[in-house]
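Per-entry structural report
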Amino acid sequence: MSSYRVYPDGGLEVISPAVPTTETAACWLVVTTNGRFAITSNTSSDSLSTFLIDFDGSIGLRDSDGVTAWTNPGDNPLDSALTIDSHFLYALNSGSGGISGFRVESDGGLTPIVTGITGMPSGANGMAAW
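Below or above, wherever it landed, is the structure these notes cover. In this numbering scheme, every chain counts its residues from 1 along its sequence in written order. Owing to the predicted nature of the model, reporting of local features is limited to residues with pLDDT of at least 70; listing and counting of side-chain atom pairs is limited to 80 or more, with chain, interface and lining totals taken over all residues. The side-chain numbers reported here are obtained from all heavy atoms of the structure, hydrogens and water having been left aside.

A few words now on the pairing of strand β2 (residues 12–16). If DSSP finds at least two bridges between two strands, the strands pair. Every helix listed is a DSSP run of H or I at least four residues long, and every strand listed is a run of E at least two residues long, numbered separately from the N terminus. Sheet topology places strand β1 (residues 3–6) next to β2; four bridges connect them, and they run antiparallel. Note that in β2 the partner of Ser3 across the bridge is Ser16. Between β1 and β2, which follow one another and run antiparallel, lie five residues, and Gly10 among them has a positive phi close to 90°.

Here is the structure:
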């Protein structure tokens, strides 16, 4: 992931040029409403990574190994969505046809919650949470 400063004329300046994780196929990125955390789903790795966002726009990994939470093997979390208050994150699992749910902790950690949602159609993508 990288971060940029956007100027009023639309120009960009790089703040953090590249902050890699150990994971593969980062797909979808969501930012919490307080602007402190960005969370990406890593489809091929069956994981999620949290990035800390500093007040100057610089970013860094919350977890040194790049993994904040795991989904089940073969879930392949594709898209993700935060609830409007950013207390919960849900990931659409393209591999298993289900949804993984997580409570977003005050430090950007992700605690798994039970969702019970399965049977999504093959090829489903995109999601929204309220």
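Our focus in this paragraph is the environment of Cys27. Residue position: Cys27 is located in strand β3 (residues 26–31). Sequence-wise, Cys27 and Thr115 are 88 residues apart; in three dimensions their C-alpha atoms are separated by 21 Å. A contact between two residues is defined here by any heavy atoms of the two lying within 4.5 Å. When near neighbours in sequence (up to four residues on either side) are disregarded, Cys27 contacts Thr40, Ser41, Thr43, Leu78 and Asp79.

Turning our attention to the pattern of salt bridges. Between Lys or Arg on one side and Asp or Glu on the other, a salt bridge is scored when a side-chain nitrogen of the former is within 4 Å of a carboxyl oxygen of the latter. One pass over the full model with this rule turns up four salt bridges. Here Arg62 makes a salt bridge to Asp63, at a shortest N to O gap of 2.6 Å. Relative accessibility thresholds used throughout: buried, under 20% of the residue-type maximum; exposed, over 50%; partly exposed, between the two (1.4 Å probe, protein chains only). Note on Asp63: relative accessible area 16%, which makes it buried. Salt bridges sharing common partners tie together Arg62, Asp63 and Asp107.

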